[in-house]
Amino acid sequence: DVKVTQSSRYLVKRTGEKVFLECVQDMDHENMFWYRQDPGLGLRLIYFSYDVKMKEKGDIPEGYSVSREKKERFSLILESASTNQTSMYLCALAERDKNIQYFGAGTRLSVL
Amino acid sequence: GENVEQHPSTLSVQEGDSAVIKCTYSDSASNYFPWYKQELGKGPQLIIDIRSNVGEKKDQRIAVTLNKTAKHFSLHITETQPEDSAVYFCAARDNQGGKLIFGQGTELSVKP
């Protein structure tokens, strides 16, 4: 089974804090994605990566950055958290040139 | 780029009835359409997918139909069971970047 591990299930941060969300895989898949999930808006792509040290902006990258120093780890960074970044964050991964994405359980982030 | 609309946002059925969820997409070049199921506290999981060269695909109680002319596709669940209760997302593969564009989600409730 594909295992996608997100470091925290729940996280509470204060406005202005720098926040790191970690995603780790054990499958050696090349492609990794960060989405945010909000009621009525579905899943929206923030950033994705097709390889180590490579990153591409998704549909809503503003206020976020990412890091992929190792193939198995893809980090989402909120440089200065704001209340409108309160959301569920989902990490996903896929094999190169394959369509199926495998999701982690998600991190529910609250920014106060 | 691609845009996906999903309806209804909520759906309640009696156990044993059928459930239908519909999605429309905007980019006629899109060629891959997956459906994901998200159970409470879990990440989305692929349940069925269809490619644009096929009009219908079935897997036991679930089926997906695709109308390329009208640019819409639907998920059909027959003989619903309480364990079918979940949030369902449709998606379309963006032909320009290869990303998945998700619909807004449908919360399905199957009442015993």
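One can find the structure itself at the top, above this paragraph.
Quick notes on the rules
Residues numbered from 1 in each chain as written. Chains lettered and ligands numbered in written order. Predicted model: local features only at pLDDT ≥ 70, side-chain atom pairs only at ≥ 80, totals over all residues. Heavy atoms only, no water. Helix = DSSP H or I, 4+ residues; strand = E, 2+ residues; numbered from the N terminus. Rg over C-alpha atoms; globule rule 2.2 N^0.38 Å. Buried < 20%, exposed > 50% of the residue type's maximum accessible area, 1.4 Å probe, protein only. Contact = heavy atoms within 4.5 Å. Core = buried A, V, L, I, M, F, W, Y, C linked by side-chain atoms within 4.5 Å. Buried area = accessible area lost by both parts, 1.4 Å probe. Salt bridge = Lys/Arg side-chain N within 4 Å of Asp/Glu carboxyl O. Polar contact = N/O pair within 3.5 Å; in protein donor to acceptor, adjacent residues only side chain to side chain. Nonpolar A, V, L, I, M, F, W, Y, C, P; charged D, E, K, R; others polar. Pairing = 2+ DSSP bridges. Axes fitted to C-alpha atoms, helices over the stretch in contact; angles between N-to-C directions. Phe/Tyr/Trp six-rings, centres within 6.5 Å; stacked < 30°, edge-to-face > 60°. Disulfide = S-S within 2.5 Å.

Asks: What should I look at first to understand the overall build of chain A in this one?
Replies: Across its full length, chain A carries zero helices and eleven strands. Ordered by position in the sequence, the α and β elements of chain A form the string β-β-β-β-β-β-β-β-β-β-β. A compact globule built from 112 residues would reach a C-alpha radius of gyration of about 13 Å, and chain A, at 13 Å, matches this within 12%. Each principal axis of the C-alpha atoms in chain A carries an extent, and together these give about 40 × 25 × 25 Å. Burial status across chain A gives 48% buried among its 112 residues. Long-range pairs, those at least 24 residues apart, make up 56% of the contacts in chain A between residues at least 6 apart in sequence.

Asks: In this structure, what is going on with the nonpolar core? I would like to understand it.
Replies: With 24 residues, the main nonpolar core has Trp35(B), Phe73(B) and Leu108(B) as its most contacted residues. Mapped by element, the contributors of at least two residues to this core are strand 2 (10-14), strand 3 (19-25), strand 4 (32-38), strand 5 (45-51), strand 7 (62-67), strand 8 (72-77), strand 9 (86-93) and strand 11 (106-111) of chain B. With 21 residues, the next largest nonpolar core counts Val4(A), Val19(A), Tyr64(A) and Leu76(A) among its residues.

Asks: Even after reading the chapter, I still don't get the interface of chain B and chain A, so can you show me in this structure?
Replies: When the parts of a complex come together, some accessible area is lost, and that lost area is often taken as the interface size. Taken together, the contact pairs 19 residues of chain B with 18 residues of chain A. For the pair chain B and chain A, the summed buried surface comes to about 1,400 Å²; carbon and sulfur atoms form 53% of the total. For the interface between chain B and chain A, the tally reads one salt bridge. Between Asp59(A) and Lys99(B) there is a salt bridge, and its shortest N-O distance comes to 3.3 Å. Counting across the interface, chain B meets chain A through five residue pairs in polar contact (both at pLDDT 80 or more). Among the secondary structure elements, those contributing two or more residues to the side of chain B that touches chain A are strand 4, strand 5, strand 9 and strand 10 (100-102) of chain B. A breakdown of the residues in the side of chain B that touches chain A according to their chemical character gives eight nonpolar, six polar and five charged.

Asks: Help me understand the sheet that holds strand 3 of chain B in this model?
Replies: Paired through their backbone hydrogen bonds, the strands of a sheet run either parallel or antiparallel. All names here are of chain B. Taken in spatial order, the five strands make up an open sheet running 1-3-8-7-6, and their pairing is antiparallel. With partners counted over all chains shown, the strands left at the sheet margins are strand 1 (4-7) and strand 6 (56-59), one partner each. Neighbour-to-neighbour, the strand axes of this sheet turn through a mean angle of 15 degrees, independent of strand direction.

Asks: Sorry if this is basic, but what is going on with the packing of aromatic side chains here?
Replies: Two aromatic rings are characterised by how far apart their centres lie and by the angle between their planes. Evaluation of the coordinates by the stated rule reveals 14 aromatic pairs over all chains. Plain terms: the ring middles of Tyr25(B) and Phe73(B) are 6.0 Å apart, the flat faces sit at 55 degrees to each other, and that makes the pair tilted. Here Tyr25(B) is found in strand 3, whereas its partner Phe73(B) is found in strand 8, with 48 residues between them in sequence. Note on Phe73(B): relative accessible area 0%, which makes it buried. Here Trp35(B) and Phe73(B) contribute two aromatic rings whose centre-to-centre distance is 5.7 Å and whose plane-to-plane angle is 70 degrees, an arrangement assigned as edge-to-face. In this pair, Trp35(B) sits in strand 4 while Phe73(B) sits in strand 8, placing the two residues 38 residues apart along the sequence. Grouping aromatic residues by their ring pairs yields a cluster made of Phe33(A), Tyr35(A), Phe48(A), Tyr50(A), Phe103(A), Tyr36(B), Phe89(B) and Phe102(B).

Asks: Would you explain the state of the cysteines in this entry?
Replies: All names here are of chain B. For the structure on display, the rule yields two disulfides over all chains. One disulfide in the model links Cys23 with Cys90; its S-S distance is 1.9 Å. Where Cys23 bonds to Cys90 through sulfur, the torsion about that S-S bond is close to -100 degrees, and the disulfide is left-handed. Here Cys90 lies in strand 9 and Cys23 lies in strand 3, a separation of 67 residues in the sequence. This pair shows no difference in class: Cys23 is buried, exactly as Cys90 is.

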